[in-house]
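Coordinates in review
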Amino acid sequence: MTEKEDGVIALLLAAGGGRRLGGRPKALLEHRGRPLVEHAVGVLRAAGCARVHVVLGARAADVRARADLSGCVLVDNPDWAEGMGGSLRAGLDSLAGTGASGVLVSLVDQPGIGPAAVARVLAAHRDRTSLVSAAYDGARGHPVLFGAAHWAGVAASATGDRGARAYLKAHEEAITLVECGDVAEPYDIDTEADLVHLE
């Protein structure tokens, strides 16, 4: 692993309660015989992320019991029901003192995004000022990489279910877009109809 990538910690947001899935937490949905959160961690590791922080919320105790998250830093977000913003803030808080120069933010409910796309975004990381996003046919998507210089601003603007959207919109010119449409599909598992994507 290059020194540059060693400075990036992966942050997996996996706290959601699956409101539109009848209250089934997305982290616990089965994919290829294992909980989705375990699959997502495997993708990050396969892409070269040595350090992975996972934000848990809905049924966190069940997730801990059922998924193999060994080697991960598990972060509890007691305010998970307030939306992705709180999980992003909790995750960023967990990076304090790590010395990381960047964080790659990934979502648990996007199993169509594999190691190839994550590795491309990681490879575009330069330093603490980097702002990198995967793109699909030119449209910004996940994962997103924030250099450490952006963390305070992201945390300050992360509210409700918007996550880092407002921050990214305000800093659009600074974002390096990395096209990943040829190696990944950015669908979300949000509703019952989306469950067809799980294997």
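Everything numeric in this text was worked out from a predicted model, so none of it was measured. (Residues numbered from 1 in each chain as written. Predicted model: local features only at pLDDT ≥ 70, side-chain atom pairs only at ≥ 80, totals over all residues. Heavy atoms only, no water.)

**Notes on the overall build of the chain**
Let me state the cut-off plainly: By the criteria applied, helices consist of DSSP H or I runs no shorter than four residues and strands consist of E runs no shorter than two, each listed in order from the N terminus. Throughout, the radius of gyration refers to the C-alpha atoms, and the reference size of a globule is 2.2 Å times the residue count to the power 0.38. Three labels apply to residues, based on accessible area from a 1.4 Å probe with only protein chains included: buried if under 20% of the type maximum, exposed if over 50%, partly exposed otherwise in between. Between two residues, a contact is recorded if the distance between any of their heavy atoms is within 4.5 Å. Counted charges follow a simple rule, with Lys and Arg positive, Asp and Glu negative, and His plus the chain ends left uncounted. Each charge is placed at NZ for Lys, CZ for Arg, CG for Asp and CD for Glu.
Counting secondary structure elements, the chain contains seven helices and nine strands. A compact globule built from 199 residues should have a C-alpha radius of gyration of about 16 Å, and the chain, at 15 Å, falls within 12% of that. Along the three orthogonal principal directions, the C-alpha set of the chain runs to about 40 × 35 × 30 Å. Burial status across the chain gives 54% buried among its 199 residues. Pairs at least 24 residues apart make up 70% of the contacts formed inside the chain by residues separated by at least 6 positions. Placing the 20 positive and 25 negative side-chain charges of the chain at their respective mean positions leaves the two points 2 Å apart.

**Focus: the pairing of strand β6 (residues 102-107)**
Two faces make up the sheet, and in a regular strand the side chains alternate between them. We apply this condition: For two strands to be treated as a pair, DSSP must find at least two bridges joining them.
Within β6, six of the six residues are buried, which leaves it mostly tucked inside the rest of the structure. Side chains Gly 102, Leu 104 and Ser 106 project from β6 onto one buried face, and the interleaved Val 103, Val 105 and Leu 107 project onto a second face that is buried too. Two elements, strand β1 (residues 8-14) and β6, share six bridges in a ladder whose sense is parallel. By the bridge assignment, Leu 11 is partnered in β6 with Val 105. Of the pairings in the sheet, the one linking β6 to strand β8 (residues 139-147) comprises four bridges and is antiparallel in character. What sits directly across from Gly 102, in β8, is Gly 147.

**Focus on a positive patch on the surface**
Rules: Only residues above 30% relative accessible area that lack a salt bridge enter a patch, with like-charged residues linked at up to 9 Å and the nonpolar side chains Val, Leu, Ile, Met, Phe, Trp and Tyr linked at up to 5 Å. In these tables, accessible area is a Shrake-Rupley quantity obtained with a 1.4 Å probe, and a residue counts as shielded only by the protein chains included in the view. Any carboxyl oxygen of Asp or Glu that lies within 4 Å of a side-chain nitrogen of Lys or Arg is treated as forming a salt bridge with it.
Positive charge collects at one region of the surface, where Arg 140, Arg 162, Arg 165 and Lys 169 lie side by side. Looking at the element boundaries, Arg 140 is found in strand β8. A residue is classified by how much of its surface remains accessible, and Arg 140, at 34% relative accessible area, is partly exposed.

**Comments concerning the nonpolar core**
Quick reminder of the rule: We define the nonpolar core as a collection of buried residues of types Ala, Val, Leu, Ile, Met, Phe, Trp, Tyr and Cys that are connected through side-chain atoms lying within 4.5 Å of one another.
Leu 12, Val 37 and Val 54 are the most contacted members of the largest nonpolar core, which has 43 residues in total. Counting only elements with at least two residues in this core, the list comes to β1, α2 (36-46), β4 (52-56), α3 (60-66), α5 (115-123) and β7 (131-136). Residues Leu 11, Leu 13, Val 154 and Ala 164 belong to the second largest nonpolar core, which totals 25 residues.

**Some thoughts on the confidence of the model for the chain**
Going by this rule: Scored between 0 and 100, pLDDT is the confidence that the predictor attaches to each residue.
Summing up the model confidence of the chain, the mean pLDDT is 94 and the portion of residues at 70 or higher is 97%. Counting interchain partners and residues more than four positions distant, the pLDDT-below-50 stretch residues 1-6 has nine contacts.

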